[in-house]
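Below are the chains, spelled out letter by letter.
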Amino acid sequence: MSDAPIIQIKNVSKLYGGTVKAVDGVDLEVGRGEFFALLGPSGCGKTTLLRMLAGFEVPTAGQVIIDGQDMATVQPNKRPVNMVFQSYAVFPHMSVEQNVGYGLKMERRPAKEIRERVAEALELVKLGHLGKRMPDEMSGGQRQRVALARALVKRPKVLLLDEPLSALDAKLREAMQLELVRLQKTVGITFVIVTHDQSEALSMANRIAVMNQGKVQQVAPPAELYEMPANRFVADFIGKINMIEGDSTAAGDGEVRVKAHPLGEMTLKGTATGKVALAVRPEKIFVDEKEPTDPNLIKVKGKVGEVAYFGSYSNVFFDIGLGQPLQADISNVSSDIEEYTFKAGEQYWIYWRKSDTLVLGD
Amino acid sequence: MRLFRRNPDPMGPLDYSRRLWLRAFVAVTLFFLYAPIIGLMAFSFNDSRRNVVWRGFTTDYYVKLWNNDSLMMAFANSLTIAVMTTIVSTILGALTAYVLWRYRFPGKAVYEGGMALPIVIPEICMGVAMMVFFARIGWPAGLPWPINLGSITIAHIAFAFPFAAIVIRARLESFNRELSECARDLGASEYRVFRDIVVPHMRPGLIAGALLAFTLSLDDFVITFFTAGPDTVTFPVKIYSMVRFSVTPEVNAASTVLILVTLVVTTIALWIQNRNNMIGKSAH
């Protein structure tokens, strides 16, 4: 039983007004103790999916199973999950203690137990000294901790977080990311977080489901998502990437033969055929004045266009005779400014490993 | 050549009160607003049967008022009706507002418009309609007090509760629905969400709605006039019947009492509301 996934989402769809598909045939499994992220642009259906886990939306089709139990007829107040809302939803007329204790009060726990568990939960989120405060006397970050404590005190099987960091300023957001990871490790509860911020998902989650237009595009750990995106959407949504259009035919043995102007024809690892994009991340690209000879490289001549300097690296745009430029992140490995200064119009050989090249279909 | 001359003494937004015409305008407005009321109150202490010349201070007319059994009965009637109307209108208004805010159902717009009808219908029409209605269904007369006030109370509730509903509905608009979802998520039933989360948010609206219902009921004349029987005279109706003979200081005194009751109730309600806000702000 304990090996079974804590959440199983089976072929779940949600239609609004009979036609608009907010969620379209989603299959997902979340394991016990995972920090799972639902990532995607706004309107991709990730929040609807989360709200279906909480019970605020009813799936039009499909099955939601939490801890082996079908949730179809289970009301939100009876589910073994708790949610941290985007607005934190801290009850304004209750003190911090009353807020955190509310869920236990609904469980009709004895007063003594409530007191102890509330104190414990407030310690956990480092608000132990502010129990008597009213919400309007607290900062946004503190209110979020109240919302966290209030959900965790119920010891849910899954904690749902709806864009929990979007209302915080940049500095606080970063601190809170680490805090959430620490918290998740401490309590060992499965976290499911919804976010549109890729860096948030990459830095916190064990596994990420990327969604677009109601469909799951890829489910993978952060590094795999970044290095092995399943399609153009995922590659484009996560980080920066160069894409060069080409045609691909199967060459057997997990390889494809790809023809792309101006790179020429080559055999690469991959499965996508037909119209494809050859994709390479900017930081995987090297630049040299001499032509490289290694046959395992893809090379092309380019002219320096715009250069953006970021201190530790420079983002250089090369014109390789295509509509859009090829961008490369060149590390500034030397303190000799001359060595890494790119001047517009200079010619370079641009190259990268064949193994770093992705063949992406739609 | 200077085309523009700079104003040597530019006015700030509050300095406009220095302008004479503006001051005069404010003074005249305040005069016409308050002079009749203050005059009415002052002459209730006038030691004269006539209401024209000041003859000296007396509280005789308040004593007379106190000893005027029919007037005191009317006052008791008015207060009873007002309290009943306030309680029922506030509850009914709160539930109506909640339903309109919380749910979507077919015919909602019609329902909402129908509810607000008593506000826009001319009071005289409402009064006549009520009179005809109670006569038509044969509402029994001559019941013991206070049950005989039933018809007036029902009529008052009918026109007062939409006001309460509108005030409470407006308050609900500022409610963050995530609060009620959150309470659900923490294990509260729909009823507990309403009691623990929605009602506390509604409270200022409830107080304002109750206050509105109370004052509307207390000083209503037109509808009451049509629904009142000989045994169920209210304070405003009684004052009207007194005025028909002559405007004596007794009428002034009675009116003053009515004004004071309204003022006291309003002050108490505002005080309660303020105190609640203070508790919310200062508890550490």
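Residues numbered from 1 in each chain as written. Chains lettered and ligands numbered in written order. Predicted model: local features only at pLDDT ≥ 70, side-chain atom pairs only at ≥ 80, totals over all residues. Heavy atoms only, no water.

Chemist: Honestly, the overall build of chain B in this entry has me stumped. Any pointers?
Modeler: The helix and strand tally for chain B stands at eleven helices and zero strands. Its C-alpha atoms give chain B a radius of gyration of 25 Å, more than 25% over the compact-globule value 19 Å for 284 residues. Overall, the C-alpha framework of chain B stretches about 85 × 70 × 45 Å when taken along its three principal axes. Out of the 284 residues in chain B, the part that is buried amounts to 38%. For chain B, the exposed area adds up to about 16800 Å²; of that, 69% sits on carbon and sulfur atoms. Positive and negative charge centroids in chain B, built from 25 and 17 side chains respectively, lie 7 Å apart. (Helix = DSSP H or I, 4+ residues; strand = E, 2+ residues; numbered from the N terminus. Rg over C-alpha atoms; globule rule 2.2 N^0.38 Å. Buried < 20%, exposed > 50% of the residue type's maximum accessible area, 1.4 Å probe, protein only. Areas by Shrake-Rupley, 256 points an atom, 1.4 Å probe, with all protein chains shown as cover. Lys, Arg positive; Asp, Glu negative; His and termini not counted. Charge placed at Lys NZ, Arg CZ, Asp CG, Glu CD.)

Chemist: Even after reading the chapter, I still don't get the overall build of chain A, so can you show me in this structure?
Modeler: Along the backbone of chain A there are eight helices and 20 strands. Each of the three principal axes of chain A carries a C-alpha extent, and together these read 75 × 50 × 40 Å. Within the span of chain A, comprising 362 residues, buried residues form 52% of the whole. The contacts in chain A between residues at least 6 apart in sequence include a share of 66% that link residues at least 24 apart. (Contact = heavy atoms within 4.5 Å.)

Chemist: What exactly am I supposed to notice about the pairing of strand β6 (residues 81-84) of chain A here?
Modeler: Side-chain direction in a regular strand flips from residue to residue, so the side chains alternate between the two faces of the sheet. Residue and element names in this part refer to chain A. Burial along β6 is two-sided: the face carrying Val-81 and Met-83 and the face carrying Asn-82 and Val-84 are both buried. Sheet topology note: the β6/strand β7 (residues 158-162) ladder contains four bridges and is parallel. Its bridge partner lying in β7, Asn-82 is registered against Leu-159. (Pairing = 2+ DSSP bridges.)

Chemist: Hey, could you run me through the sheet that holds β6 of chain A in this one?
Modeler: The strands that make up a sheet pair up through hydrogen bonds in the backbone, lying either parallel or antiparallel. Residue and element names in this part refer to chain A. Pairing is mixed in the open sheet, where six strands are placed in the order β6-β7-β8-β3-β9-β10. Every interior strand has two partners, whereas the edge strands, β6 and β10 (215-220), have only one. Neighbouring strand axes in the sheet, compared pairwise and without regard to direction, differ in orientation by 20° on average. Strand direction decides the pairing type here: strand β9 (residues 207-212) and β10, joined by five bridges, are antiparallel. Within β10, the position partnered with Asn-212 by the bridge is Lys-215. Helix α4 (residues 140-152) rests against β6, β7 and β8 (190-195) of the sheet, and its axis sits at about 175° to β6. (Axes fitted to C-alpha atoms, helices over the stretch in contact; angles between N-to-C directions.)

Chemist: So what exactly am I meant to see when it comes to the pattern of salt bridges here?
Modeler: Any two side chains of opposite charge can pair, on the condition that their charged atoms come close. Tallied over the entire structure, the rule returns 32 salt bridges over all chains. Of the charged contacts, one joins Lys-215 of chain A and Asp-24 of chain A as a salt bridge, the two residues approaching to 3.2 Å between their closest N and O atoms. Taken together, the positions of Lys-215 of chain A in strand β10 and Asp-24 of chain A in strand β2 (residues 20-30) put the pair 191 residues apart, joining distant regions of the chain. Relative accessible area serves as the criterion here: at 44%, Lys-215 of chain A is assigned to the partly exposed category. Ionic pairing is found between Arg-192 of chain B and Asp-196 of chain B, a salt bridge with its closest N-O pair at 3.0 Å. One end of the pair is Arg-192 of chain B and the other is Asp-196 of chain B, both in helix α8 (residues 190-218) and four residues apart, which spans about a single turn. By the burial criterion, Arg-192 of chain B is buried, and Asp-196 of chain B matches it. Counted as one network, the salt bridges with shared partners bring together Glu-107, Arg-109, Glu-113, Arg-117 and Lys-154 of chain A. (Salt bridge = Lys/Arg side-chain N within 4 Å of Asp/Glu carboxyl O.)

Chemist: Where do I start with the confidence of the model for chain B in this structure?
Modeler: Low pLDDT marks stretches whose predicted atomic positions should not be read closely. Residues and elements named next belong to chain B. Looking at chain B as a whole, its pLDDT mean stands at 85, while 90% of the residues score no less than 70. Per-element confidence in chain B is highest for helix α7 (residues 177-185), whose mean pLDDT is 94, and lowest for helix α11 (residues 249-282), whose mean pLDDT is 77. Every residue in residues 280-284 is under pLDDT 50, and counting partners more than four places away or in other chains gives eleven contacts. Here the predicted complex scores 0.80 on pTM and 0.84 on ipTM. (pLDDT = per-residue confidence, 0-100.)

Chemist: Explain the confidence of the model for chain A here, please?
Modeler: Mean pLDDT over chain A stands at 91; residues scoring 70 or higher make up 99%. β9 of chain A holds the highest mean pLDDT among the elements of chain A, 96, whereas strand β13 (residues 264-269) of chain A holds the lowest, 88.

Chemist: Looking at this model, I keep getting lost on the environment of Ile-330 of chain A. Mind explaining?
Modeler: Residue and element names in this part refer to chain A. As for its placement among the helices and strands, Ile-330 is situated in strand β18 (residues 326-331). Sequence separation between Ile-330 and Glu-107 is 223 residues, and the spatial gap between their C-alpha atoms is 58 Å. In contact with Ile-330, other than residues within four places in its own chain, are Ile-285, Val-287, Tyr-313, Ser-314, Val-316 and Phe-342.

Chemist: Even after reading the chapter, I still don't get the nonpolar core, so can you show me in this structure?
Modeler: Across soluble globular proteins, nonpolar side chains show a tendency to be buried alongside one another. By size, the foremost hydrophobic cluster in this structure holds 53 residues, and its most contacted members are Leu-38, Leu-49, Phe-91, Tyr-102, Leu-160 and Val-192 of chain A. The biggest single contributor to this core is α8 of chain B, with six residues. Beyond its immediate chain neighbours, meaning those up to four positions away, Phe-91 of chain A contacts Asn-99, Tyr-102, Pro-135 and Arg-150 of chain A together with Leu-179, Cys-182, Ala-183, Leu-186 and Ile-197 of chain B. Formed by 45 residues, the second largest nonpolar core is a distinct cluster that contains Phe-35, Val-118, Leu-152 and Val-234 of chain A. (Core = buried A, V, L, I, M, F, W, Y, C linked by side-chain atoms within 4.5 Å.)

Chemist: Hey, could you run me through the side chain of Gln-327 of chain A in this one?
Modeler: Residue and element names in this part refer to chain A. Topologically, Gln-327 is positioned in strand β18. Look at Gln-327 and you get buried, because its relative accessible area is 14%. A polar side-chain atom of Gln-327 sits 3.2 Å from a polar atom in the side chain of Asn-315. Dropping the residues within four chain positions of it, Gln-327 is found in contact with Lys-240, Ile-241, Asn-242, Pro-282, Ile-285, Asn-315, Val-316 and Phe-317. (Polar contact = N/O pair within 3.5 Å; in protein donor to acceptor, adjacent residues only side chain to side chain.)

Chemist: Quick question: what am I supposed to make of the domain arrangement of chain B here?
Modeler: One frequent convention defines the size of an interface as the accessible area lost when the parts assemble. All names here are of chain B. Domain boundaries in chain B define domain 1 (19-58) and domain 2 (62-283). One C-alpha centre belongs to domain 1, the other to domain 2, and the line joining them spans 30 Å. Domain 1 puts ten residues into the contact, and the matching count from domain 2 is eleven residues. For the pair domain 1 and domain 2, the interface holds zero salt bridges. Across the domain 1-domain 2 interface, the total number found is two residue pairs in polar contact (both at pLDDT 80 or more). Looking at side-chain class alone, the side of domain 1 that touches domain 2 contains five nonpolar, four polar and one charged residues. (Domains from an automatic or database assignment. Nonpolar A, V, L, I, M, F, W, Y, C, P; charged D, E, K, R; others polar.)

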